[in-house]
Amino acid sequence: MHVALKTLALGAAAAAMMSASALAGEITINTDTSDPAPKAAFQALIDGFKAANPDVTVKWNQFDHEGYKSAIRNFLTADAPDIVTWYTGNRMLPFVKAGLFADISDLWAANKMGEQLKSAESSVTYDGKQWAIPYSYYQWGIYYRADIFKEKGLTPPKTWDELLDVCAKLKADGIAPFAIGSKPLWPTAGWFDYMDLRVNGYEFHMKLTNGEIPYTDDRVKAVFDKWAELVKPGYFIENHAALDWQEAVPLFDQGKAAMYLMGNFAVDVMKNGGLSEDQIGFAQFPLITQDVPMAEDAPTEMVAMAANAKNKEDGAKFLAYLALPETQAEMNDILGQLPVNNQSKVADDKFLQQGFQMLSAAHGLAQFYDRDAPAAMAKAGMEGFQEFMIKPDHEEAILERLEKVRQRVYK
Amino acid sequence: MSTAFASDAVSAPPRRSFWRRHQRRIAPWLFLAPGAAMFAVYVVIPIFQSIWISFFQWDGLSAKLWVGLGNYAELLGDEAFYTSLNNNILWLVFYMLAVPTGLFIAIFLNQTVFGIRVYKSLFFFPFVISQVVVGLIFSWFYAPNIGLLPQITEWLGFGKIAVLADERFVTYGIIAAGLWPQIAYCMILYLTGLNNVSPDQVEAGRLDGAKGLKMLWYVILPQLRPATFIAVVVTVIGALRSFDLVSIMTDGGPYGSSRVLSFYMYEQALSEYGYRMGYGAAIAVVLFLIMMVFITGFIWRMVRDERGG
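Being a predicted model, the structure only gives us computed values, none of them experimental. (Residues numbered from 1 in each chain as written. Chains lettered and ligands numbered in written order. Predicted model: local features only at pLDDT ≥ 70, side-chain atom pairs only at ≥ 80, totals over all residues. Heavy atoms only, no water.)

Asker: Looking at this model, I keep getting lost on the pairing of strand S9 (residues 257–263) of chain A. Mind explaining?
Answerer: Regular strands place their side chains on alternate faces of the sheet. Residue and element names in this part refer to chain A. Along S9, 7 of the 7 residues are buried, which leaves the element largely enclosed by surrounding structure. Two elements, strand S7 (residues 140–145) and S9, share 5 bridges in a ladder whose sense is antiparallel. Bridged to Tyr144 within S9 is Met259. Pairing of strand S8 (residues 176–179) with S9, which is carried by 3 bridges, proceeds in the parallel orientation. Residue pairing across strands places Ala176 opposite Ala257, the latter belonging to S9. (Buried < 20%, exposed > 50% of the residue type's maximum accessible area, 1.4 Å probe, protein only. Helix = DSSP H or I, 4+ residues; strand = E, 2+ residues; numbered from the N terminus. Pairing = 2+ DSSP bridges.)

Here it is in structure tokens:
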């Protein structure tokens, strides 16, 4: 019995030593890349990294996009990988505050990332330190049916009045001005973000999502009153609460709706539905309040290092490689998005070029409501936006409810 | 004294081991032990843990913060909680339709025609497929642009009604989807029950002139009581734990109007924007208490019936 135990213990020790020696030079990467494009982009990233660092082996675990959101909480606390993908802004704070993400400020300083990744620095900074490497972002805006606009003699609206005018004309011709699928809630947040950014501006929007302004404030009410000018005349497709965002795209493709406020990832879905590139146009969200500088929604993708990473040295190498201009250019070519590194070349794509110009001139970049606001606030907020887009008369009750949530969440 | 000693010496049985003496008492507990241990680890202890967590504010990552009854106080002022509770009551009431409908179909199918087994299995089919698939099928049935139902309502002159996007209809729409498999379940319970209906009593009833509904009510139904009991129990519990359909068909929407307590608990504690473990646990405790009312009632009845029988 004793002998058996002894050999067992020896065996375990040997196994532990072996795994320890295997760990040197191996990094584990967990990603939520279940869609084809992100998967291919990470494949390119990892292949490139391996070629540049032949002594490091990479173990890559891929998770389903939605399942990842709960899985990350388990693996970061229990058996942490070295590198993980996650979301910027407020969505990363729970992990930063719980000490699960590694502080990589030194890496930023050593590689002069503050210059090259400047545009997204604030979205990965908390408490004056950097916690992740941003590698990709994309624009939001109004995608419209260029052919329908041409046929009806319409031009993409530049101001609110022009927008209302275009909507009225489209509606009169039996075309729904805007497609939207609000079942997953977040598409409504795109609308709220832009309405608030245009009515009150970037600084106000950041304060609001930071919990510094009550939702019952008159300036917030003004946002909803403006928004109601589109909701009340029925300028959105009917029954959008039963549709996913992709399920609303066919209406756009069939010409039953002429505009869609979305992120650039929607172009791919629109093209798959049978539209050619010439049939789709992109326009910046129109100006509402004069003198409010134009800020945009531009969600950023990021990668972080776990605080409990087993191989921080090689993990840091990986992050540094990810921050390089060439790496980011290659990945974003595959992703169909914009590289964060300002030395990277932007892909030769009509929408990306347009988006790049728009975002380069932007007064500020918001991350998106559900990343700028804490999760509990975002959930209640987006539910309220959806309710408002169906029952605009409930405005007051919705705002009071959101205010109640705000007081609880930001306590 | 001496007599006592004497008798002791005479009748002293051979010493039996502790195990032998208590075998009859211990054995049942030994047989129960594996099951009881599992039940304790996976059911009983987690119940108390949930109750304990419901007194904290906790995101699952950082330290727990004691808030006492704070979560429950918040529940009292939470509109979404009342919406969920209200929907749970709707579920309880309308899900019960599965019992009489199942009975009706069972009686209808309880005849000897060529190929009746095929018909029976076809009626039973919805119970065999997964709830997720049921939810998807009904989502397509209700879908505003491609679905069958909006076409029908339009043809009838009500316009295109998108059941799942309308707060007035959404819960009923989901309950209807849930009824489809539940009716099949009740039907199969009654079909087995009908097999055991004694032909003598039916014959006697017929001689006494009982026909149709009277026959059903006074002769058949009393004999189906065990089947009815089980059907009601599974339907009540099914209604209270309805979750899959809500999650698949609407995700609780539009704007939370189709939530039920179990879904709200999941949203608060475990979903993407949730991680309020304490609050979720408090909702779970309330749901547990509601379930306990029914379960206690059922158990009390079962015990009474067993004693009576």
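Continuing now.
Asker: When you look at helix H2 (residues 36–52) of chain A in this model, what are you seeing that I'm missing?
Answerer: An α-helical turn contains 3.6 residues, so any two residues separated by three or four positions project in the same direction. The end-to-end C-alpha separation of H2 of chain A is 24 Å, in line with the 24 Å expected for 17 residues at 1.5 Å each. Listed in full, the buried residues belonging to H2 of chain A are Ala41, Phe42, Ala44, Leu45, Ile46, Gly48 and Phe49 of chain A. (Expected span 1.5 Å × (residues − 1).)

Asker: Would you mind going over the pattern of salt bridges with me for this structure?
Answerer: Pairs can form between side chains of opposite charge whenever their charged atoms are close. Throughout the structure, instances matching the rule amount to 24 salt bridges over all chains. With a shortest N-O distance of 3.1 Å, Asp217 of chain A and Arg219 of chain A are connected by a salt bridge. Judged by relative accessible area, which is 17%, Asp217 of chain A ranks as buried. On the basis of relative accessible area, Arg219 of chain A is assigned to the partly exposed category, the value being 42%. Across the salt bridge formed by Glu79 of chain B and Arg401 of chain A, the nearest N and O atoms sit 4.0 Å from each other. Of this pair, Glu79 of chain B sits in helix H4 (residues 79–95) while Arg401 of chain A sits in helix H19 (residues 395–409), on two different chains. Judged by relative accessible area, Arg401 of chain A falls into the partly exposed class, the value being 23%. (Salt bridge = Lys/Arg side-chain N within 4 Å of Asp/Glu carboxyl O.)

Asker: Sorry if this is basic, but what is going on with the interface of chain B and chain A here?
Answerer: When the parts of a complex come together, some accessible area is lost, and that lost area is often used as the size of the interface. In this complex, chain B contributes 25 residues to the contact, which on the side of chain A involves 31 residues. Where chain B abuts chain A, roughly 2400 Å² becomes buried across the two surfaces, and 54% of that area is made up of carbon and sulfur atoms. Summed over the shared surface of chain B and chain A, the result is 5 salt bridges. Its salt-bridge partner being Glu383 of chain A, residue Arg259 of chain B comes within 2.6 Å of it at the nearest N-O pair. Viewed at the interface, chain A and chain B are joined by 8 residue pairs in polar contact (both at pLDDT 80 or more). Of the residues belonging to the side of chain B that touches chain A, the class tally is 11 nonpolar, 5 polar and 9 charged. (Contact = heavy atoms within 4.5 Å. Buried area = accessible area lost by both parts, 1.4 Å probe. Polar contact = N/O pair within 3.5 Å; in protein donor to acceptor, adjacent residues only side chain to side chain. Nonpolar A, V, L, I, M, F, W, Y, C, P; charged D, E, K, R; others polar.)

Asker: Honestly, the domain arrangement of chain A in this entry has me stumped. Any pointers?
Answerer: Residue and element names in this part refer to chain A. Looking at the assigned domains, one finds that chain A contains domain 1 (2–137 + 299–365) and domain 2 (140–297 + 374–409). Look at where the C-alpha atoms of domain 1 and domain 2 centre, and you get two points 32 Å apart. Contact with domain 1, which involves 13 residues of that partner, is made by 19 residues of domain 2. Regarding the contact of domain 1 and domain 2, the summed buried area is about 1500 Å², with carbon and sulfur atoms giving 60% of it. Contact with domain 2 buries area across many residues of domain 1, yet Phe351, Met358 and His363 alone supply 44% of it, more than any other trio. Between the two partners, domain 1 and domain 2, sit 0 salt bridges. Among the elements that line the side of domain 1 that touches domain 2, the one with the most residues is helix H16 (residues 350–360), at 6 residues. (Domains from an automatic or database assignment.)

Asker: Any chance you could explain H19 of chain A here in plain terms?
Answerer: All names here are of chain A. Compared with an ideal rise of 1.5 Å per residue, which puts 15 residues at 21 Å, H19 spans 21 Å between its outermost C-alpha atoms and is within 8% of the ideal. Among all positions of H19, only Glu395, Ile398, Leu399, Leu402, Glu403, Val405 and Arg406 are buried. The arc enclosing the buried residues of H19, seen along the axis, measures out at 165°, which places them on a common side. The secondary structure elements touched by the buried residues of H19 are helix H11 (218–231) and helix H18 (375–390). (Arc of directions from axis to C-beta.)

Asker: Just to check I follow, could you spell out the side chain of Arg259 of chain B for this structure?
Answerer: Within the element layout of this structure, Arg259 of chain B appears in the loop between helix H13 (244–249) and helix H14 (261–270). Overall, the relative accessible area of 5% leaves Arg259 of chain B in the buried class.

Asker: I keep staring at the sheet that holds strand S13 (residues 338–339) of chain A and nothing clicks. Help me out?
Answerer: In sheet architecture, strand pairing relies on hydrogen bonds along the backbone and comes in two forms, parallel and antiparallel. All names here are of chain A. Spatially, the 6 strands line up as an open sheet ordered S2-S1-S3-S12-S6-S13, and their pairing is mixed. Both edges of this open sheet fall to strand S2 (57–62) and S13, since each of them pairs with a single strand only. Inspection of the sheet shows strand S1 (residues 26–31) paired to S2 by 6 bridges, in the parallel sense. Its bridge partner lying in S2, Ile29 is registered against Trp60. With respect to the sheet, helix H15 (residues 325–335) is in contact with strand S6 (133–137) and S13, its orientation differing from that of S6 by roughly 40°. (Axes fitted to C-alpha atoms, helices over the stretch in contact; angles between N-to-C directions.)

Asker: Looking at this structure, how should I read the confidence of the model for chain A?
Answerer: Of all residues in chain A, 94% attain a pLDDT of 70 or more, and the chain-wide mean is 90. Scored below 50 in pLDDT, residues 1–23 of chain A shows 2 contacts in the model against residues more than four places distant or in partner chains. (pLDDT = per-residue confidence, 0-100.)

Asker: Help me understand the sheet that holds strand S10 (residues 280–283) of chain A, please; the structure alone is not making it clear to me.
Answerer: Residues and elements named next belong to chain A. Strand order in the open sheet made by the 4 strands is S8-S9-S7-S10, with mixed pairing throughout. Every interior strand has two partners, whereas the edge strands, S8 and S10, have only one. Geometrically, the sheet is characterised by an average inter-axis angle of 25° between neighbouring strands, direction not taken into account. Where helix H12 (residues 245–253) meets the sheet, its contacts fall on S7, S8 and S9, and the angle it forms with S9 comes to roughly 145°. Sheet strands touched by H16: S7 and S10. Its angle to S10, the strand with the most contacts, is close to 5°.

Asker: I tried to follow the environment of Asn308 of chain A on my own but got confused; where do I start?
Answerer: All names here are of chain A. As for its placement among the helices and strands, Asn308 is situated in the loop between strand S12 (300–305) and helix H14 (312–323). For Asn308, a relative accessible area of 42% translates into the label partly exposed. Each C-alpha atom, one on Asn308 and one on Met294, is 41 Å from the other, the two residues being 14 residues apart in sequence.

Asker: Sorry if this is basic, but what is going on with a positive patch on the surface here?
Answerer: All names here are of chain B. There is a patch of like positive charges on the surface, built from Arg15, Arg16, Arg20 and Arg21. With respect to the helices and strands, the residue Arg15 is situated in the loop between helix H1 (2–11) and helix H2 (18–53). Accessibility expressed as a relative area gives 81% for Arg15, which makes it exposed. (Patch = residues over 30% accessible without salt bridge, like charges linked within 9 Å, V, L, I, M, F, W, Y side chains within 5 Å. Areas by Shrake-Rupley, 256 points an atom, 1.4 Å probe, with all protein chains shown as cover. Lys, Arg positive; Asp, Glu negative; His and termini not counted. Charge placed at Lys NZ, Arg CZ, Asp CG, Glu CD.)

Asker: I tried to follow the packing of helix H7 (residues 131–142) of chain B against helix H8 (residues 148–155) of chain B on my own but got confused; where do I start?
Answerer: Packed helix pairs are characterised by how far apart their axes lie and by the angle those axes make with each other. Residue and element names in this part refer to chain B. Two numbers describe how H7 lies on H8: the axes approach to 4 Å, and their chain directions differ by 30°. Here H7 contributes Trp140, Phe141 and Tyr142 to the contact with H8, which in turn contributes Leu148, Leu149 and Pro150. Its residues placed into classes, the contact of H7 with H8 shows 6 nonpolar, no polar and no charged.

Asker: Looking at this structure, I do not really get the nonpolar core. What am I missing?
Answerer: Across soluble globular proteins, you tend to see nonpolar side chains buried next to one another. Membership of the largest hydrophobic core comes to 136 residues, with the highest contact counts inside it found for Phe101, Ile133, Trp191, Trp227, Met259 and Tyr369 of chain A. When we break this core down by domain, the ones giving at least three residues each are domain 1 (2–137 + 299–365) and domain 2 (140–297 + 374–409) of chain A. Those residues within four positions of Trp227 of chain A in sequence are excluded, and the remaining contacts are Thr188, Trp191, Phe192, Met195, Phe236, Phe385, Phe388 and Met389 of chain A. Ranked by size, the runner-up nonpolar core spans 56 residues in total, among them Trp91, Met187, Val197 and Ile220 of chain B. (Core = buried A, V, L, I, M, F, W, Y, C linked by side-chain atoms within 4.5 Å.)

Asker: I'm lost on a nonpolar patch on the surface in this one. Help?
Answerer: A grouping of Met38, Phe39, Val41, Tyr42, Val43, Val44, Ile45 and Phe48 of chain B is seen on the molecular surface, where their side chains present a nonpolar patch of about 820 Å² in accessible area. Mapped onto the elements of the fold, Val41 of chain B is located in helix H2.

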